Amino acid sequence: MPTYHCKICKNPANQVFYSKILSKYEIAYYHCPNCHFLFTEKPYWLAEAYKEPINRSDTGILQRNIDMAAKTGRILFYLFDYKKKSLDFGGGYGFFVRLMRDKGFDFLWDDAYTTNLLAQGFQYSNEEIELITTFETFEHFENPIAEIEKMLAISPNILFTTELYPNPIPAPNEWWYYAQDHGQHISFYNLTTLEYIALKYNLNLYSDGRSFHLLTQKKLKKYVWRIMLSAKFSYILDQYMKRKLTSKTWADHLNAKEN
């Protein structure tokens, strides 16, 4: 049996269980007792898992993008310099970028594995970036530290989603986020893991404790972070924001016609 070391902190990891991926590969899962990162054995099945980069069972993809656009809009507008360019890393078909540009934010797209269908003309090409968003990507990272460092080289502000595993570690049949049916989820985190990452890069971590997280150089008051995510204040915040922003829908349309 090979010895596995944690991909986050390099400490020895313990095998915790086996599970079947893609209904045919029996694979091992490992847990780090130091930073609590949970990960699969070397994922030799990924080429098969990514025959379709966005899996068929992800029926929540559109609603998730709509929800993320609403939260991201508030966070970017009130906590960062919203007039600067932002980047959606692992942007999929470009749906999120289009939503954000329609709201009035100057968003760009980047994804090494998926075709840009809806954000053509707004590909990232080394522009200065205020905020990176990356939704439902961390669980796909075979080498999380390399991907995080790639993003931090672009911006010190990363807004992301990934579902945190509950304690104790759930068995394979007790947590839907293992996603054994499509085999693309290979890295799993809890709050301790994210705190370790924040400390490693001298960043501040803000999280809802479940799935929505921010790594940033900025120091925020926790109540401000909670207000940004609160449904109670969303209407007031959104109405003020809309009065200050100008949608890029028509400007992007004219630019596309000219080019």
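Student: Please provide a residue-by-residue account of the overall build of the protein, values included.
Tutor: Secondary structure assignment for the protein yields 8 helices and 10 strands. At 19 Å, the protein has a C-alpha radius of gyration in line with the 18 Å of a compact globule built from 259 residues. Its C-alpha atoms put the protein at 60 × 40 × 35 Å along the principal axes. Evaluated residue by residue, the protein yields a buried proportion of 49% over its 259 residues. The contacts of the protein with a sequence gap of at least 6 include a subset with a gap of at least 24, amounting to 61%. Across the protein, the 30 positively charged side chains and the 28 negatively charged ones have centroids separated by 7 Å.

Student: Quick one: what's the story with the pairing of strand S10 (residues 212–216), residue by residue and with numbers?
Tutor: With respect to burial, S10 is a largely interior element, 5 of its 5 residues being buried. On S10, burial covers both faces: Phe212, Leu214 and Thr216 on one face and His213 and Leu215 on the other are all buried. Taken together, strand S9 (residues 204–207) and the strand that follows it, S10, pair antiparallel across an intervening segment of 4 residues, in which Gly209 is found at a positive phi of about 80°.

Student: Would you mind going over the sheet that holds strand S8 (residues 187–188) in detail, with residue names and values included?
Tutor: Strand pairs in the sheet, formed through backbone hydrogen bonds, run parallel or antiparallel to each other. Read from one edge of the open sheet, 4 strands run S1-S2-S3-S8, paired in antiparallel fashion. Bordering the open sheet on either side are strand S1 (14–21) and S8, each of which pairs with just one other strand.

Student: Describe the packing of aromatic side chains, and please don't skip the residues or the numbers.
Tutor: Scanning all chains against the criterion turns up 27 aromatic pairs. Residues Phe37 and Phe39 carry aromatic rings whose centres are separated by 5.4 Å and whose planes lie at 15° to one another, so their mutual orientation is stacked. No difference in accessibility class separates Phe37 from Phe39, as the two residues are buried. A ring pair is formed by Phe138 and Phe141, whose centres lie 5.3 Å apart and whose planes are at 45°; its orientation type is tilted. Since its relative accessible area comes to 0%, Phe138 is described here as buried.

Student: So what about the pattern of salt bridges? Which residues, and what values?
Tutor: Applying the stated rule across the entire model yields 11 salt bridges. Here Asp102 and Arg98 are joined by a salt bridge, their closest N and O atoms 2.9 Å apart. On the criterion of helical spacing, the pair formed by Asp102 and Arg98 is a turn pair, its members being 4 residues apart in helix H3 (residues 95–103). The partly exposed category is assigned to Asp102, whose relative accessible area is 30%. The class for Arg98 is buried, based on a relative accessible area of 19%. Residues joined by salt bridges that share partners form a network here, namely Lys85, Arg98, Arg101, Asp102, Asp106 and Asp252.

Student: A description of the layout of surface pockets should follow, citing residues and the corresponding values.
Tutor: Approximately 190 Å³ is the volume attributed to the second largest pocket. Lining the second largest pocket are Leu191, Glu195, Leu205, Tyr206, Ser207, Gly209, Lys222, Trp225 and Arg226. Elements represented by at least two residues in the lining of the second largest pocket include exactly helix H5 (191–200), S9 and helix H6 (222–229). Grouping the amino acids of the lining of the second largest pocket by side-chain chemistry returns 4 nonpolar, 2 polar and 3 charged.

Student: Before we move on, can you summarise unusual backbone geometry with the specific residues and values?
Tutor: In this chain, Asn167 is followed by Pro168 through a cis amide linkage whose omega measures -5°. On the secondary structure map, Pro168 appears in the loop between strand S7 (158–161) and S8. The phi dihedral of Lys10 is positive, around 75°, even though this residue is not glycine. Relative to the assigned elements, Lys10 resides in the segment before S1. Backbone geometry at His36 places phi at a positive 70°, although glycine is not the residue there. By the element assignment, His36 lies in the loop between strand S2 (25–31) and strand S3 (38–40).

Student: Describe a nonpolar patch on the surface, listing the residues and the values that go with them.
Tutor: Side chains of Tyr93, Leu117 and Leu118 sit close together on the surface and give an oily, nonpolar patch of about 270 Å² of accessible area. On the secondary structure map, Leu117 appears in the loop between strand S5 (107–110) and strand S6 (131–135).

Student: Outline the packing of helix H2 (residues 61–79) against H6, supporting the account with residue identities and numerical values.
Tutor: The interhelical angle for the contact between H2 and H6, taken along N-to-C directions, is 140°, at an axis separation of 9 Å. Considered as vectors, H2 and H6 are oriented oblique to each other. Taking contact as the criterion, the partners of Lys71, Arg74, Ile75, Tyr78 and Leu79 in H2 are, on H6, Val224, Trp225, Met228 and Leu229. For the contact of H2 with H6, the class distribution of residues is 7 nonpolar, no polar and 2 charged.

Reading guide: rules and limits
Residues numbered from 1 in each chain as written. Predicted model: local features only at pLDDT ≥ 70, side-chain atom pairs only at ≥ 80, totals over all residues. Heavy atoms only, no water. Helix = DSSP H or I, 4+ residues; strand = E, 2+ residues; numbered from the N terminus. Rg over C-alpha atoms; globule rule 2.2 N^0.38 Å. Buried < 20%, exposed > 50% of the residue type's maximum accessible area, 1.4 Å probe, protein only. Contact = heavy atoms within 4.5 Å. Lys, Arg positive; Asp, Glu negative; His and termini not counted. Charge placed at Lys NZ, Arg CZ, Asp CG, Glu CD. Pairing = 2+ DSSP bridges. Phe/Tyr/Trp six-rings, centres within 6.5 Å; stacked < 30°, edge-to-face > 60°. Salt bridge = Lys/Arg side-chain N within 4 Å of Asp/Glu carboxyl O. 1 Å grid on protein atoms, 1.4 Å probe; cavity = no way out; pocket = protein on both sides within 12 Å on 5 of 7 lines; lining within 4 Å. Points joined across faces, edges and corners; volume = space filled by probe spheres on them. Nonpolar A, V, L, I, M, F, W, Y, C, P; charged D, E, K, R; others polar. Patch = residues over 30% accessible without salt bridge, like charges linked within 9 Å, V, L, I, M, F, W, Y side chains within 5 Å. Areas by Shrake-Rupley, 256 points an atom, 1.4 Å probe, with all protein chains shown as cover. Axes fitted to C-alpha atoms, helices over the stretch in contact; angles between N-to-C directions. Parallel < 35°, antiparallel > 145°, perpendicular 65-115°, else oblique.

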